[in-house]
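Reading the structure
Letter by letter, the chains look like this.
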Amino acid sequence: MNSRIIAALFAAAALPVAAQVTPRVDQRQANQEARIERGVQPGVLTPAEAARLERGQEKVQAKEARAKADGKVTPRERARLAKEQNRQGRKIRRQKHDRQKQAPAG
């Protein structure tokens, strides 16, 4: 019984640490989400483009969650996440500057 309590306490204490393992990745994710949102507001991104970019962001978040699952993100995992975020960033830029506009409501 005591070992279960101790194990639960250690697990609870590790959760905040696991959440803080990748603050740069988390901040970059937030920045890219904001970039997508800023593209949607003026109609620079079409709904289909925005949805596609959001799905890409979700994939990066899933990869981050898998990397964090064991409580330690290795340098190799960080590099892979950075590479994936770079790829997503390029996709966002391309879609925002491809001169497609959302049709005005009317």
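Just so we're clear, the structure is a prediction, and the values are computed from it rather than from any experiment.

The next point concerns the overall build of the chain. On a plain count of helices and strands, the chain comes out with four helices and zero strands. Across the chain, helices and strands are ordered from the amino to the carboxyl terminus as α-α-α-α. In the chain, which comprises 106 residues, the proportion classed as buried is 27%. Counting contacts in the chain only where the partners sit at least 6 residues apart, residues at least 24 apart contribute 79% of the total.

Glancing now at the nonpolar core. It is characteristic of soluble globular proteins that their nonpolar side chains tend to be buried jointly. By size, the foremost hydrophobic cluster in this structure holds five residues: Ile36, Leu45, Ala50, Leu53 and Ile92. The contacts of Ala50, once residues within four sequence positions are left out, are Ile36 and Val40.

Our next topic: helix H4 (residues 75–96). The end-to-end C-alpha distance of H4, which contains 22 residues, comes to 31 Å, matching closely the 32 Å that a straight helix rising 1.5 Å per residue would cover. Among the residues of H4, Leu81, Glu84, Gln85, Gln88, Gly89, Ile92 and Gln95 are the ones counted as buried. The arc enclosing the buried residues of H4, seen along the axis, measures out at 145°, which places them on a common side. Exposed residues on H4 whose side chains face more than 90 degrees from its buried face are Pro75, Arg76, Arg80, Lys83, Arg93 and Arg94. Buried positions along H4 lie against helix H2 (23–40) and helix H3 (47–68).

Conventions adopted
Residues numbered from 1 in each chain as written. Predicted model: local features only at pLDDT ≥ 70, side-chain atom pairs only at ≥ 80, totals over all residues. Heavy atoms only, no water. Helix = DSSP H or I, 4+ residues; strand = E, 2+ residues; numbered from the N terminus. Buried < 20%, exposed > 50% of the residue type's maximum accessible area, 1.4 Å probe, protein only. Contact = heavy atoms within 4.5 Å. Core = buried A, V, L, I, M, F, W, Y, C linked by side-chain atoms within 4.5 Å. Expected span 1.5 Å × (residues − 1). Arc of directions from axis to C-beta.

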